Amino acid sequence: MKLSRIIVAVLIILGAYFFYQNYQEQNDYSSSEAVYSTTISSLDPTTQPFHNSRLTLIYESLIKVDANLQFQPQLAVSFGQIDETTWQFTLKENVKFHNGEDLSPEIILTNFQDYSSDKLNLNSVTQSENSPNQIIFNLSQPDPLFLQKVSEVPILFSNQNLESEAIGTGPYQVVNYSPSLLRLERFADYHSQKPPFQELRLSTISNNLERISHANDDPKVVVVENLSPSFIDRLNTRKFRLQETTDLSLNFFLFNTNKLNLNQRKALSRSIPADLLSQYTENLGTPTNQFLSQGVLGYNSEIPPQAQNLEEAKQIIQNAGLQGRTLKIMLPTSAEKFTLFLQETYQQLGLTAQVDLYNYADENLKTRATSYDLIFLGWRTEFGDGQNFFQEIVQSGSTYNLGFYSNSQANQLIQEVSTLTDPQERSQKLQELSKLVSQDNPIGMPLFENKVFYAINKDFSYNDRLDGFIDISSLTQN
């Protein structure tokens, strides 16, 4: 009997040892994978938004944007403003490119001279006479978004042959690339904290179910990006932790001001009941009453809410004399599922929704929009600052002012805020703009702020960023 117990005990110990060894092997993440829903169109960081893209693993800028959308030193060890139009950056020493060459002030100057000076409002960018490791930027006018723009300028060893020679200073260097698979390896001479993985695969699987299935089956997957709530229940919750956040984006309708008068626009801006919209979006979004997300500079908490229910919305439509009106609505094909909701909701309000679907990428939007009462758009606010929204959508004649909105007060406020550097004064002006275009003279109808869902391997910790970007270099193994 004792011998039998001894044998059983030995077997248990051996089994536990085997399990421990197997567990250790399965949890070796020196070579890992992150799975995305969209491809990387190019390794050229100058052709796409840079600061919150996967290319930040390869390239860096003078400053970076942290999880709270604050600017932090990166290739600069410090930076500051000398006066309203002069900025000084002190370069970090002992930084190398992936080809072994040193980062120098001359390379920094070349990168910024190659970059459009119009985008940066630059008069000049020069090396300091007193300190060779300092770069001086002289602006043509005060620019409150200057640091944002600097963070968007990747520092390249060369702007030639970027597809075959993607040489930056980032924590990873390129092994090989295709739009659906980017293979990286840790840069041994990286100047800052070493990244968590020796090898990293950034793969693309556009189909939601296939993306989840691959992540569930492959032990090397540590991140699964852009998960649809419709398929979340397929995720292996023993392996992954689901994380939910916002990405400072929202969806809305623009009014065609040539077809709708002010009273009609004021009524329609509050016409979709928040409770119905909340039911429609389920866990995908949060109904909103304005065009900037919460947390964005310019968000105004004093703007009154949308109609909360159907009866309230009916009364608003009746008071505006809109009952029986047919609304021509322009939607992108990607929002096709929204069609039935709009038709049913407006029917209950005594309106008719005539919806047409288009591939926005193939359209001249301004020409097409002239035929419609409502034009659906989405907007993502970069860096948590509302200025760009007003410049690109609200300002008369701007690129995405598809509803031909024109308001002299709005134009004046936009002009003032574009050179205003004091944060408190900027916030006040942006909040005035938010109230103006959401309530007093509506440019459109705010719908909902978007949510994003992604999964992190439970062996790692990761804190959400305010912009929803997944910064793989910030993963830490438990």
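The structure displayed is predicted, hence computed values, not measured ones.

### A look at the pairing of strand β12 (residues 240-255)
Then, number 1: Counting buried positions along β12 gives 12 out of 16 residues, so the element sits mostly inside the fold.
Then, number 2: Of the pairings in the sheet, the one linking β12 to strand β17 (residues 444-457) comprises 12 bridges and is antiparallel in character. Opposite Leu-250, over in β17, you have Glu-449 as the bridge partner.
Then, number 3: Here seven bridges tie β12 to strand β16 (residues 374-380), and the two strands are oriented antiparallel to one another. Paired with Ser-249 across the bridge in β16 is Arg-380.

### Description of the environment of Ile-108
Then, number 1: Checked against the element boundaries, Ile-108 lands in helix α2 (residues 105-114).
Then, number 2: On a C-alpha basis, the gap between Ile-108 and Leu-156 in space is 8.5 Å, while along the polypeptide they are 48 residues apart.
Then, number 3: Apart from the residues within four sequence positions on either side, Ile-108 is in contact with Leu-62, Leu-91, Leu-103, Ile-135 and Ile-155.

### A few points about the sheet that holds strand β4 (residues 76-83)
Then, number 1: An order of β4-β5-β7-β6 is seen for the four strands of this open sheet, with the pairing classed as antiparallel. Pairing within the sheet leaves two strands with one partner each, and these edge strands are β4 and β6 (122-127). Adjacent strand axes in the sheet meet at a mean angle of 15°, parallel and antiparallel pairs treated alike.
Then, number 2: Note: β6 against strand β7 (residues 134-139), five bridges, orientation antiparallel. Counted as the bridge partner of Ser-124 is Asn-138 from β7.

### Quick look at the layout of surface pockets
Then, number 1: The computed volume of the second largest pocket comes to approximately 850 Å³.
Then, number 2: As for the second largest pocket, its lining consists of 35 residues, of which Lys-64, Gln-74, Asp-471, Ser-473 and Ser-474 are closest to the centre.
Then, number 3: At the level of secondary structure, the elements contributing two or more residues to the lining of the second largest pocket comprise β2 (63-65) and β4.
Then, number 4: No other element matches β2, which puts three residues into the lining of the second largest pocket.
Then, number 5: A breakdown of the residues in the lining of the second largest pocket according to their chemical character gives 15 nonpolar, 13 polar and seven charged.

### Some words on the packing of aromatic side chains
The description of an aromatic ring pair uses the distance of the two centres, along with the angle that the planes make with each other.
Then, number 1: Tallied over the entire structure, the rule returns 25 aromatic pairs.
Then, number 2: Measuring from centroid to centroid gives 6.1 Å for Tyr-358 and Tyr-372, while their planes differ by 80°, and the two rings are edge-to-face. Separated by 14 residues along the polypeptide, Tyr-358 in strand β15 (residues 352-358) and Tyr-372 in the loop between α10 (365-369) and β16 bring together distant segments of the chain.
Then, number 3: Looking at Tyr-358, the relative accessible area reads 15%, which means it is buried.

### Focus: the confidence of the model for the protein chain
Then, number 1: Confidence in the prediction of the protein chain, expressed as mean pLDDT, is 90, and 93% of residues score 70 or more.
Then, number 2: Within the protein chain, no element has a lower average pLDDT than helix α1 (residues 2-26), which sits at 46, and none a higher one than strand β10 (residues 199-204), at 97.
Then, number 3: Across residues 8-14, where pLDDT falls below 50, the model places zero contacts with residues more than four positions away in sequence or in other chains.

### Examining empty space enclosed by the protein
Then, number 1: Enumeration over the complete set of coordinates arrives at one cavity of 30 Å³ or more.
Then, number 2: The volume enclosed by the largest cavity comes to roughly 50 Å³.
Then, number 3: The residue makeup of the lining of the largest cavity, split by class, is five nonpolar, two polar and two charged.

### Description of the packing of helix α11 (residues 387-394) against helix α12 (residues 408-417)
Then, number 1: Running from N to C, α11 and α12 cross one another at 140°; their axes reach a closest spacing of 10 Å. What the angle tells us is that α11 and α12 run oblique. Considering how the two elements wind past one another, α11 and α12 form a crossing that is left-handed. Across from Gln-387, Phe-390, Gln-391 and Val-394 in α11, the residues of α12 making contact are Ala-410, Ile-414 and Val-417.
Then, number 2: When the residues that make up the contact of α11 with α12 are grouped by side-chain class, the tally is five nonpolar, two polar and no charged.

### Quick word on the environment of Gly-403
Then, number 1: Position of Gly-403 relative to the elements: it lies in the loop between α11 and α12.
Then, number 2: According to the relative accessible area criterion, Gly-403 is buried, its value standing at 2%.
Then, number 3: Placed 40 residues apart in sequence, Gly-403 and Glu-363 show a C-alpha to C-alpha distance of 16 Å.
Then, number 4: The residues contacting Gly-403, other than those within four sequence positions of it, are Leu-254, Phe-255, Asn-256, Thr-257 and Asn-258.

Conventions and cut-offs
- Residues numbered from 1 in each chain as written.
- Predicted model: local features only at pLDDT ≥ 70, side-chain atom pairs only at ≥ 80, totals over all residues.
- Heavy atoms only, no water.
- Buried < 20%, exposed > 50% of the residue type's maximum accessible area, 1.4 Å probe, protein only.
- Helix = DSSP H or I, 4+ residues; strand = E, 2+ residues; numbered from the N terminus.
- Pairing = 2+ DSSP bridges.
- Contact = heavy atoms within 4.5 Å.
- Axes fitted to C-alpha atoms, helices over the stretch in contact; angles between N-to-C directions.
- 1 Å grid on protein atoms, 1.4 Å probe; cavity = no way out; pocket = protein on both sides within 12 Å on 5 of 7 lines; lining within 4 Å.
- Points joined across faces, edges and corners; volume = space filled by probe spheres on them.
- Nonpolar A, V, L, I, M, F, W, Y, C, P; charged D, E, K, R; others polar.
- Phe/Tyr/Trp six-rings, centres within 6.5 Å; stacked < 30°, edge-to-face > 60°.
- pLDDT = per-residue confidence, 0-100.
- Parallel < 35°, antiparallel > 145°, perpendicular 65-115°, else oblique.
- Left-handed = near helix turned anticlockwise from the far one by under 90°.

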